[in-house]
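Chain by chain, the residues:
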Amino acid sequence: MTYLIAEVGQAHEGSLGMLHAYIDAVAKTGVDAIKFQTHIAEAESSLHEPFRVKFSRQDKSRYAYWERMSFTQEQWNDIGKHCKEVGLDFMSSPFSNAAVDVLEQAGVQTYKVGSGEVNNFLLLEKIAQTQKPVILSSGMSSWNELKKSIDFLKSRKVDYSILQCTTNYPTQPQDWGLHMIQEFKGYFKVKTGYSDHSGSITSGISAMSLGAEILEFHVVFHKEMFGPDVSSSLTFKQVGQLVEARDQLKVAFNNPVDKSDTSQFESLKTIFEKSLAVNKDLKKGHILRFEDLEAKKPKNLGIEAGKFESVIGKQLKITKNQWDFLKGEDLEA
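Residues numbered from 1 in each chain as written. Predicted model: local features only at pLDDT ≥ 70, side-chain atom pairs only at ≥ 80, totals over all residues. Heavy atoms only, no water.

Looking at an unreviewed UniProt entry, one finds the protein named N-acetylneuraminate synthase and attributed to Psychroflexus aurantiacus.

As structure tokens, this is what we get:
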């Protein structure tokens, strides 16, 4: 069964109360884990970072944004505790070595490495030292970059998984790259999955049907909220639909259909399958043609419709009225 991860990311907008509300809401959906991002502005960024400068009315710079997204050690400890109290696995993506220290104290269970950090071997080394499982997102990485990062984790005996991800928000269908799920599985021989940023359930359901063992997606209370990931997120109604799809797919995969055995359909086949009949009045001695034949329900009241070729060219031994079923004894040998 696919392991479902609901990512809150920055949807809490720096509000601790909102973050805890997300934990309770996610717990009600039936997913397996909840994921956050752990930002410590002074450790991961600088005032020179250009991206998102003045990207909102509230934040003058990206650095200011990361400051607003951060929480204290005590607050992170309570976040981890709350997740476990409601039965959710506690995950987060650290964006600095300092963030790893915070998460270790908070009791994080699994580390998610965002695609922008795949080549950050300093961070990978810090995470590897914890010996906790790692989920690696492949978003911006080439095959060679992924191989180097995975070799690094393997050399340190880290339990890792890998997700197909496209760093394009919201991700359009032509960029989903769902084929990579099986390509990664075949090449790296580990659990593989999909990190979704499409804002719809179609890609997630498709990924699960194609063998994704892990599915990660962003969640948001509603799509009118502010934030960089809102357009790429699922609402809780959509999450519920995704969970339902996951559970139905599990049943489907655990019950393969045996097309060599149709015994369970015998009564239905009798009702829906058909017997041969004539479509017009035909006199004794008539030589049957394709144009004389019709197939009518039910089965077993005449020659099987599928055997129509066997009667063409045969001579009638008796007169048949329009719509009479055609039986073997009606025909000359």
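So, next bit.
### Considerations on the overall build of the protein
Each helix and strand counted, the protein has eleven helices and ten strands in total. In terms of its C-alpha atoms, the protein occupies a principal-axis envelope of roughly 100 × 45 × 35 Å. Here the protein holds 333 residues, and 47% of them are scored as buried. Intrachain contacts of the protein at a sequence separation of at least 6 include 65% that bridge at least 24 residues. When the accessible surface of the protein is summed, it comes to about 16,700 Å², and 52% of that surface belongs to carbon and sulfur atoms. Positive and negative side-chain charges of the protein, numbering 40 and 43 respectively, have mean locations separated by a distance of 5 Å. (Helix = DSSP H or I, 4+ residues; strand = E, 2+ residues; numbered from the N terminus. Buried < 20%, exposed > 50% of the residue type's maximum accessible area, 1.4 Å probe, protein only. Contact = heavy atoms within 4.5 Å. Areas by Shrake-Rupley, 256 points an atom, 1.4 Å probe, with all protein chains shown as cover. Lys, Arg positive; Asp, Glu negative; His and termini not counted. Charge placed at Lys NZ, Arg CZ, Asp CG, Glu CD.)

### Quick look at the UniProt feature "domain: AFP-like" (unreviewed entry) in the protein
As annotated by UniProt and renumbered to match this structure, "domain: AFP-like" (unreviewed entry) occupies residues 275-333. Within residues 275-333, the helical portion is 0% and the strand portion 14%, while the C-alpha atoms at the span's ends are 20 Å from each other. (UniProt positions renumbered as here; feature names shortened; annotations may be inferred.)

### Looking at the packing of helix α4 (residues 73-85) against helix α5 (residues 97-106)
Viewed as axis vectors pointing N to C, α4 and α5 meet at an angle of 50 degrees, and their least axial separation amounts to 8 Å. Classified by the interaxial angle, the pair formed by α4 and α5 is oblique. Between α4 and α5 lies a crossing whose hand is right-handed. Contact residues: α4 offers Gln 73, Trp 76, Asn 77, Gly 80 and Lys 84, while α5 offers Asp 101, Val 102, Leu 103, Gln 105 and Ala 106. A breakdown of the residues in the contact of α4 with α5 according to their chemical character gives four nonpolar, four polar and two charged. (Axes fitted to C-alpha atoms, helices over the stretch in contact; angles between N-to-C directions. Parallel < 35°, antiparallel > 145°, perpendicular 65-115°, else oblique. Left-handed = near helix turned anticlockwise from the far one by under 90°. Nonpolar A, V, L, I, M, F, W, Y, C, P; charged D, E, K, R; others polar.)

### What about the nonpolar core?
By size, the foremost hydrophobic cluster in this structure holds 66 residues, and its most contacted members are Val 31, Phe 36, Trp 76, Ile 79, Phe 90, Phe 217 and Val 219. The leading source of residues in this core is helix α10 (residues 236-253), at six residues. Leu 276, Val 278, Leu 282 and Leu 288 belong to the second-largest nonpolar core, a separate cluster that totals ten residues. (Core = buried A, V, L, I, M, F, W, Y, C linked by side-chain atoms within 4.5 Å.)

### Looking at empty space enclosed by the protein
Empty space among the atoms becomes apparent when a probe as large as a water molecule is rolled across them. Inspection of every chain in the model, using the stated rule, returns one cavity of 30 Å³ or more. By volume, the largest cavity is sized at about 60 Å³. (1 Å grid on protein atoms, 1.4 Å probe; cavity = no way out; pocket = protein on both sides within 12 Å on 5 of 7 lines; lining within 4 Å. Points joined across faces, edges and corners; volume = space filled by probe spheres on them.)

### Focus on the layout of surface pockets
One number sums up the size of the largest pocket: a volume of about 640 Å³. As for the largest pocket, its lining consists of 31 residues, of which Gln 37, Arg 62, Phe 95, Gly 116 and Tyr 169 are closest to the centre. Of all the elements in the fold, those that place two or more residues in the lining of the largest pocket are β2 (33-38), α3 (62-69) and β8 (214-218). Within the lining of the largest pocket, the residues separate by chemical class into seven nonpolar, 14 polar and ten charged.

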